[in-house]
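# Summary of the model geometry
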Amino acid sequence: MESLKNTLFQVAEVELSYRAKVNPTLRPKVTCAQEASDVFRQCWDDSKIDFIEQFHVLLLNRAKHVLGIYRASTGTTAGCAVDARSVFIAALKANASAVILAHNHPSGNLTPSKADTDLTRRLSDAGKIIDIEVVDHIILTRDGYYSFAEQGAI
């Protein structure tokens with residue numbers, strides 16, 4: 001009985017660390033949707049923007065400098081599932097104060113779907129609980145972008 005009791009209380013140790021390998025002065029600053037779109041486009045796989053939907057997250061510090069970009073999900077031509085936990089795990093691990101969300105529409109249509117709007121609201125609400133601001137959600141196509149923030153939808 002004693003050995004069973006000891007094994008029930010063995011747990012893994014969790015350690016959080018953050019190692020920035022980029023000089024802070026070299027990090028781009030994102031102050032508007034156009035700048036965010038430009039940063040996302042630099043890291044987006046151009047061969048997939050018209051092919052499959054992907055969801056990326058820009059991780060920002062308090063001064064809105066880019067800490068990193070996290071590819072949260074890759075889906076199909078019709079959509080991709082996004083796990084809110086993975087979005088905010090990445091933000092917390094990078095010690096981000098804010099995030100900008102982005103996904104592409106392979107169809108080329110910049111109009112957000114109800115699912116896009118619902119996801120934006122859900123992630124924004126989750127961010128408020130842990131004090132990580134969702135600054136914007138951008139939909140990208142080869143020819144342009146849609147910004148929830150610019151449209152007053154976030």
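Please refer to the structure higher up on the page.
Residues numbered from 1 in each chain as written. Predicted model: local features only at pLDDT ≥ 70, side-chain atom pairs only at ≥ 80, totals over all residues. Heavy atoms only, no water.

## Points about the pattern of salt bridges
Under the criterion given, the structure shown has seven salt bridges. Taking the shortest distance from any N to any O, the salt bridge between Lys64 and Glu133 comes out at 3.6 Å. Highlighted residues: Lys64 in the loop between β1 (54-60) and β2 (66-74) and Glu133 in strand β4 (residues 133-141), separated in sequence by 69 residues. Residue classification places Lys64 among the partly exposed residues on the basis of a relative accessible area of 24%. For Asp118, the salt bridge identified is with Arg121, shortest N-O distance 3.5 Å. Here the residue Asp118 and the residue Arg121 both occupy positions in helix α4 (residues 114-129), the gap between them amounting to three residues, near one helical turn. (Salt bridge = Lys/Arg side-chain N within 4 Å of Asp/Glu carboxyl O. Helix = DSSP H or I, 4+ residues; strand = E, 2+ residues; numbered from the N terminus. Buried < 20%, exposed > 50% of the residue type's maximum accessible area, 1.4 Å probe, protein only.)

## Section: the layout of surface pockets
In this model, the second largest pocket occupies a volume close to 220 Å³. What lines the second largest pocket is a set of 15 residues, among which Glu53, His103, Ser113, Ala115 and Asp116 lie closest to the centre. Considering every element that reaches the lining of the second largest pocket, the biggest residue donor is α4, with three residues. Residue composition of the lining of the second largest pocket, grouped by class: six nonpolar, seven polar and two charged. (1 Å grid on protein atoms, 1.4 Å probe; cavity = no way out; pocket = protein on both sides within 12 Å on 5 of 7 lines; lining within 4 Å. Points joined across faces, edges and corners; volume = space filled by probe spheres on them. Nonpolar A, V, L, I, M, F, W, Y, C, P; charged D, E, K, R; others polar.)

## Let's talk about the environment of Ala126
Examined against the element boundaries, Ala126 turns out to sit in helix α4. Using a relative accessible area of 24% as the deciding quantity, one classes Ala126 as partly exposed. On a C-alpha basis, the gap between Ala126 and Ser107 in space is 29 Å, while along the polypeptide they are 19 residues apart.

## Digging into the state of the cysteines
Enumeration over the complete set of coordinates arrives at zero disulfides. Cys32 forms no disulfide, and the closest cysteine sulfur to it belongs to Cys43, at a distance of 16 Å. Of the cysteine sulfurs around Cys43, a residue in no disulfide, the closest is that of Cys80, at 14 Å. (Disulfide = S-S within 2.5 Å.)

## Points about a nonpolar patch on the surface
On the surface, Leu92, Ile129 and Ile130 cluster together to form a nonpolar patch covering roughly 320 Å² of accessible area. Along the chain, Ile129 turns up in helix α4. Classification of Ile129 by relative accessible area gives exposed; the value is 74%. (Patch = residues over 30% accessible without salt bridge, like charges linked within 9 Å, V, L, I, M, F, W, Y side chains within 5 Å. Areas by Shrake-Rupley, 256 points an atom, 1.4 Å probe, with all protein chains shown as cover.)

## Looking at the side chain of Glu53
Looking at the secondary structure, you find Glu53 in the loop between α2 (33-43) and β1. Look at Glu53: it is buried, it has no salt bridge, and the nearest opposite charge is Arg122 at 11 Å. (Lys, Arg positive; Asp, Glu negative; His and termini not counted.)

## Remarks on the pairing of β2
One face of the sheet, then the other: side chains in a regular strand alternate in exactly this way. Alignment of β1 against β2, held across seven bridges, turns out to be antiparallel. Looking across to β2, one finds that Val57 is bridged to Tyr70. The hairpin formed by β1 and β2 contains five residues between the paired strands, and Lys64 there has a positive phi angle of roughly 70 degrees. (Pairing = 2+ DSSP bridges.)

## Brief notes about the environment of Arg71
As for its position among the elements, Arg71 is in strand β2. In this structure the C-alpha to C-alpha distance between Arg71 and Cys43, which are 28 residues apart in sequence, comes to 9.7 Å. Not counting chain neighbours up to four residues away, the residues in contact with Arg71 comprise Gln54, Phe55 and His56. (Contact = heavy atoms within 4.5 Å.)

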